[in-house]
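# Working through the structure, step by step
Listed here are the chains, written in short residue letters.
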Amino acid sequence: MLSINPKDIPTSKLHGYLLGAVAPRPIAFASTIDKEGNPNLSPFSFFNVFGANPPIMIFSPARSVRDNTTKHTLDNAEATKEVVINIVNYDIVQQMSLSSTMYPKGVNEFVKAGFTMLPSDEVKPFRVAESPVQFECKVKDIIYTGEEGGAGNLIVCEVVKLHINEDVLAEDGSIDQYKIDLVARAGGSYYSRARDGFFEIPKPLTTLGIGVDQIPEEIRNSNVLTGNNLGMLGNVEQLPSDEAVNNFAKEHTQLVGIPTEKKHIFAQEYLQNNDVESAWKVLLIK
């Protein structure tokens with residue numbers, strides 16, 4: 001048995017132990033706006049529901065372990081006292097992961113991750129239209145647990161309106177756990193699909209993905225590629241070079257000159273095997 005005093009190890013290592021042991025964790029996909037009305041969207045796995053009367057949710061945008069900075073979400077919640085918590089299911093998990101990239105302040109993660117901004121009824125932050133359940137919330141309190149990197153900031157929210165996609169409802173009107181197909185966060189690069197178990201998404205925190213908005217329109221508007229597929233494609237730092245694409249085409253002559261839809265089907269097969277680079281090469285073949 002490994003016994004550890006938290007004060008005896010680096011915060012980064014402790015952080016890894018905590019996240020690896022306390023899992024899977026639900027994901028609060030939090031939408032906020034700053035004082036000027038600029039939207040922000042980011043996921044947080046320090047999250048749960050804590051009451052029904054009144055309906056209370058709490059999530060924590062912790063201070064960065066690396067450099068002790070605070071999240072834009074926390075800054076915005078402090079300034080406006082409003083947030084929308086969108087629920088993440090498997091259909092949007094890749095786009096959600098892309099939105100967690102550390103884009104500079106002012107960059108709209110809705111656009112970068114390819115999500116639709118849906119106006120809320122009771123609060124100013126936008127909802128994620130693709131999310132199966134969206135909670136409009138007022139911030140009742142913020143509890144600061146420390147001032148060092150890794151410290152939590154508990155944002156206590158009261159739900160003032162919720163929106164549920166009827167496609168995830170059972171015949172009796174309850175939420176069908178198979179239809180909603182929820183995902184949760186685990187340690188490292190692991191997630192858990194509630195009905196199927198663990199899977200991995202490479203962390204997008206050390207690089208800046210080009211974003212879904214930078215994907216050519218023909219690909220972005222594909223009738224074949226899903227939102228998850230686009231999220232994977234948008235999470236690359238740069239596209240393959242012309243030379244790399246040409247070499248790939250010489251090795252796969254059967255892909256040259258085929259209809260666009262077939263090209264997208266082949267690219268999707270590569271994405272299903274987590275081979276994003278080859279998927280891009282297929283898509284960029286002339």
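Residues numbered from 1 in each chain as written. Predicted model: local features only at pLDDT ≥ 70, side-chain atom pairs only at ≥ 80, totals over all residues. Heavy atoms only, no water.

Another point: unusual backbone geometry. Cis geometry marks the peptide bond from Ala-23 to Pro-24, where omega comes out at -5°. Locating Pro-24 in the fold gives a position in the loop between helix H1 (11–21) and strand E1 (28–33). Note the cis peptide between Asn-53 and Pro-54, where omega equals 5°. With respect to the helices and strands, Pro-54 occurs in the loop between strand E3 (47–52) and strand E4 (55–59). A positive phi angle, near 65°, is found at Lys-81, a position not held by glycine. When you line up the elements, Lys-81 lands in the loop between helix H2 (72–80) and strand E5 (82–87). (Helix = DSSP H or I, 4+ residues; strand = E, 2+ residues; numbered from the N terminus.)

Buried within helix H8 (residues 242–251) we find Val-245, Phe-248 and Ala-249. Down the axis of H8, the buried set is contained in an arc of 100°. They therefore lie on one face. In H8, the exposed positions angled more than 90 degrees off the buried face are occupied by Glu-243, Lys-250 and Glu-251. On its buried face, H8 sits against helix H9 (260–272) and helix H10 (276–284). (Buried < 20%, exposed > 50% of the residue type's maximum accessible area, 1.4 Å probe, protein only. Arc of directions from axis to C-beta. Contact = heavy atoms within 4.5 Å.)

Orientation of H9 relative to H10, taken along the N-to-C sense of each, is 170°, at an axis distance of 8 Å. The pairing of H9 with H10 is recorded here as roughly antiparallel in orientation. Side by side, H9 and H10 meet where Lys-263, His-264, Phe-266, Ala-267, Tyr-270 and Leu-271 of the first sit next to Val-276, Ser-278, Ala-279, Val-282 and Leu-283 of the second. Among the residues making up the contact of H9 with H10, the classes are represented as eight nonpolar, two polar and one charged. (Axes fitted to C-alpha atoms, helices over the stretch in contact; angles between N-to-C directions. Parallel < 35°, antiparallel > 145°, perpendicular 65-115°, else oblique. Nonpolar A, V, L, I, M, F, W, Y, C, P; charged D, E, K, R; others polar.)

All right, on to the side chain of Arg-193 then. Here Arg-193 is to be found in strand E11 (residues 190–193). Residue classification places Arg-193 among the buried residues on the basis of a relative accessible area of 15%. Polar side-chain contacts of Arg-193 include one of 2.6 Å to the side chain of Asp-181. (Polar contact = N/O pair within 3.5 Å; in protein donor to acceptor, adjacent residues only side chain to side chain.)

With that settled, consider the sheet that holds strand E12 (residues 197–200). Hydrogen bonds between backbone atoms are what pair the strands of a sheet, whose relative direction is either parallel or antiparallel. Taken in spatial order, the three strands of this open sheet run E10-E11-E12, and their pairing is antiparallel. Only two strands of the sheet have a single partner each, and these edge strands are strand E10 (183–185) and E12. Put simply, the sheet's adjacent strands are angled 35° from each other on average, direction ignored. Of the strand pairs in this sheet, E11 and E12 are connected by four bridges, and their pairing is antiparallel. The partner of Ser-192 across the bridge, within E12, is Phe-198. (Pairing = 2+ DSSP bridges.)

Applying the stated criterion across every chain, the model contains zero disulfides. Cys-137 takes part in no disulfide bond, and the closest cysteine sulfur, belonging to Cys-157, lies 4.9 Å away. For Cys-137, a relative accessible area of 0% gives the class buried. (Disulfide = S-S within 2.5 Å.)

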